[in-house]
Amino acid sequence: MKKLHVLIAGGGIGGLCLAQNLKKAGISFSVYEREDEVSKSGYRLHMNMDGGEALRTSLPKHLYQLYVQTSRKNPRREMAVLIDEQLNEIGVRPHIGGPNEKEFPHTAVNRRTLCQILLSGIEEHVHFNSTITGFEQDEEGVRLFLEDGTIAKGDLLVAADGINSVVRRQLMPEVSPVDTGARAIYSKSPLTKEIRAQLPEILFDGFTSAIDEKGTYMAIGPYEPRRPVAEAAKELAPSSFIEHVDDYIMITLNVSEQLKMTDDELRKANPSLYHQIMLELTQKWHPVLKGLVERINPDTVSILSVRSVEPLDPWETRRVTLIGDAIHAMPPSFGAGSNLALRDASILAKQIIEIEEGRKGWKEAIAQYEEEMRAHDYPIFEMSSNAKTARTFKPTIK
């Protein structure tokens, strides 16, 4: 029986997780990533059971332990907490997707660290600086075309190339990302031992958001690994390249009303300007919260226009399928996007293994993955896209 070869477009979290699954199962694969390395952008990611369990089943034991050790320390409360601009608690709500009921529940990770862990051991199969221009598929397989003229051949193609997916654009030309109108400034504020000692514990709960009377909304996400990243990597993956990461607090400010700019305009603007906007919007806030903003390194400031790929009616199953943001990019309201990309990769891998072992044909297996993905992920998309749901907290009894 012919052995499968799987082509993966995109070397982000979902694509690399799928690749780790395939390596574990002994299935041949190649990953094509347009950038020259993994995840240059992005900071802290919330992790829940969907993502954490996908990593547990996908990674070799030592890499899974490295993920656990470099994930954030257990918070006092694994809840989303809402405060006002003077640090008074307003309410709480649970996260989507519960943590594991074990000693080390899934909490949060540094995006680049997670990608470096996911790359470990599969480096020779990941082709960086590989820009995809299109593909062809027929009853025999799939051909993937790269900008440098290379043609990669395989039996299946998985689009893990994000919201701007080149593969989806060709496969589903009628589908385009929707601009939600939301704009958010992302940044990092340092978290030294001295700063940590001055901050109240409420800022270190599962995820804390602050809102003032004008509706200015700030998300506050600490990243304090259970163990120093470099130390854990030296013991658990000494041959892998895992960078050191200082503790930090991710600060995200909603500026939808202040910055009604196009993507092109946002890309050209000066990060120092965004930092100044953050300072102006929070100038009357509690000194602790103002201090977080004042200490932000402008070099870490970037702005995101929040776009989505909305749920689709079931489509014709082909040799080309999609995972993660390529098929269901959603607002970051519940921190679900990365977790769903990991889950997609894990459940798709199970179906590909069924094909490899001759228990299913490719069409049946891919159709089953797509049906399961839609049933689980689309309701979460709807919740994440509902502004009322995202801002609904159970009032704190005082």
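Just so we're clear, the structure is a prediction, and the values are computed from it rather than from any experiment.

Remarks on the packing of aromatic side chains
So, point 1. Counted under the stated rule, the structure contains three aromatic pairs.
So, point 2. Pairing Y43 with Y248 gives two aromatic rings, centres 6.4 Å apart and planes at 65°, and the pair type is edge-to-face. Of this pair, Y43 sits in the loop between β2 (28-32) and β3 (44-46) while Y248 is found in strand β15 (residues 248-254), placing the two residues 205 residues apart along the sequence. Taken as a pair, Y43 and Y248 share a single burial class, namely buried.
So, point 3. On the basis of an interplanar angle of 45° and a centroid distance of 5.6 Å, the ring pair of Y64 and Y67 is categorised as tilted. A residue pair is termed a helical-turn pair when its members lie 3 or 4 positions apart in one helix, as Y64 and Y67 do in helix α3 (residues 61-70) at three residues. Comparing Y64 with Y67 shows no difference in burial state: the two are buried.
So, point 4. Lying over the aromatic face of Y248, K188 brings its terminal NZ or CZ to 4.4 Å of the ring centre.
So, point 5. The residue whose ring lies beneath R196 is F204, and the NZ or CZ to ring-centre distance is 3.5 Å.

A look at the sheet that holds strand β9 (residues 142-146)
As a general point, the strands of a sheet are linked pairwise by backbone hydrogen bonds and lie either parallel or antiparallel.
So, point 1. The strand order β8-β9-β10 describes an open sheet built from three strands, whose pairing is antiparallel. At either end of the open sheet lies a strand with only one pairing partner, and these are β8 (132-137) and β10 (151-154). With direction set aside, neighbouring strand axes in the sheet form an average angle of 20°.
So, point 2. Sheet topology places β8 next to β9; five bridges connect them, and they run antiparallel. Note on β9: the bridge partner recorded for G134 is F145.

A word on the side chain of E224
So, point 1. Structurally, E224 is set in the loop between β14 (217-223) and α7 (229-236).
So, point 2. A distance of 2.8 Å separates the side chain of E224 from the side chain of R196, its partner in a polar contact.
So, point 3. In contact with E224, other than residues within four places in its own chain, are S71, R72, K73, L191, R196, F204 and D247.

Things to note about the environment of H95
So, point 1. Looking at the secondary structure, you find H95 in the loop between β5 (89-93) and β6 (108-110).
So, point 2. The sequence separation of H95 and I117 amounts to 22 residues, and the corresponding C-alpha distance is 25 Å.
So, point 3. Not counting residues within four places of it along the chain, the set of residues in contact with H95 comprises H46, E78, M79, A80, G206 and F207.

Points about the sheet that holds β5
So, point 1. Spatially, the eight strands line up as an open sheet ordered β16-β12-β15-β14-β13-β4-β5-β18, and their pairing is mixed. Each of the sheet's edge strands pairs with one partner strand only, and the pair in question is β16 (302-308) and β18 (394-395).
So, point 2. For strand β12 (residues 178-190) and β15, the ladder comprises seven bridges, and the chain directions are antiparallel. Across the sheet, residue K188 finds its bridge partner in β15, namely M250.

Side note on helix α12 (residues 337-356)
So, point 1. Over its 20 residues, α12 runs 28 Å from end to end, which matches the ideal 28 Å to within 8%, given 1.5 Å per residue.
So, point 2. Summarising burial for α12: 17 of the 20 residues are buried, a large majority.
So, point 3. Of the residues one or two after α12, G358 is the one with positive phi, at around 80°.

Quick notes on the environment of H5
So, point 1. One can find H5 in strand β1 (residues 5-9).
So, point 2. Between the C-alpha atom of H5 and that of L22, which follows or precedes it by 17 residues, the distance is 9.8 Å.
So, point 3. Setting aside chain neighbours within four positions, we find H5 in contact with S28, F29, S30, K153, G154, D155 and L156.
So, point 4. At a separation of 2.5 Å, a polar atom in the side chain of H5 contacts the side chain of S28.
So, point 5. Within the structure, the side chain of H5 is placed 3.2 Å from the side chain of S30, a separation counted as a polar contact.

Calculation criteria
- Along each chain, residue indices are assigned from 1 in the same order as the chain's sequence is written.
- Local features in a predicted model are, by the rule used here, given only for residues with pLDDT of at least 70; side-chain atom pairs are given and counted only at 80 or more, and totals for whole chains, interfaces and linings are based on all residues.
- Just so you know, side-chain values use all the structure's heavy atoms and leave hydrogens and water out.
- For Phe, Tyr and Trp, where Trp contributes only its six-membered ring, two rings pair if their centres lie within 6.5 Å, and the inter-plane angle classes them as stacked under 30 degrees, edge-to-face over 60, or tilted in between.
- Numbering of helices and strands starts at the N terminus; helices are DSSP runs of H or I of at least 4 residues and strands are runs of E of at least 2.
- The buried label goes to any residue with under 20% of its type's maximum accessible area, the exposed label to any with over 50%, and the partly exposed label to all in between, with areas taken from a 1.4 Å probe on protein chains only.
- When the NZ atom of lysine or the CZ atom of arginine is within 6 Å of a ring's centre and also within 35 degrees of its normal, the charge is said to sit over that ring.
- A pair of strands is treated as paired once DSSP finds two or more bridges between them.
- Structural elements are reduced to axes, namely lines fitted to C-alpha atoms, with helices fitted over the stretch in contact, and the angle between N-to-C directions of any two is expressed from 0 to 180 degrees.
- The definition of a polar contact used here is a pair of N or O atoms within 3.5 Å, where within protein one atom must be able to donate a hydrogen and the other to accept one, and adjacent residues in sequence count solely through side-chain atom pairs.
- In what follows, a contact means two residues having at least one pair of non-hydrogen atoms within 4.5 Å.
- An expected span of 1.5 Å times one less than the residue number is assigned to each helix.

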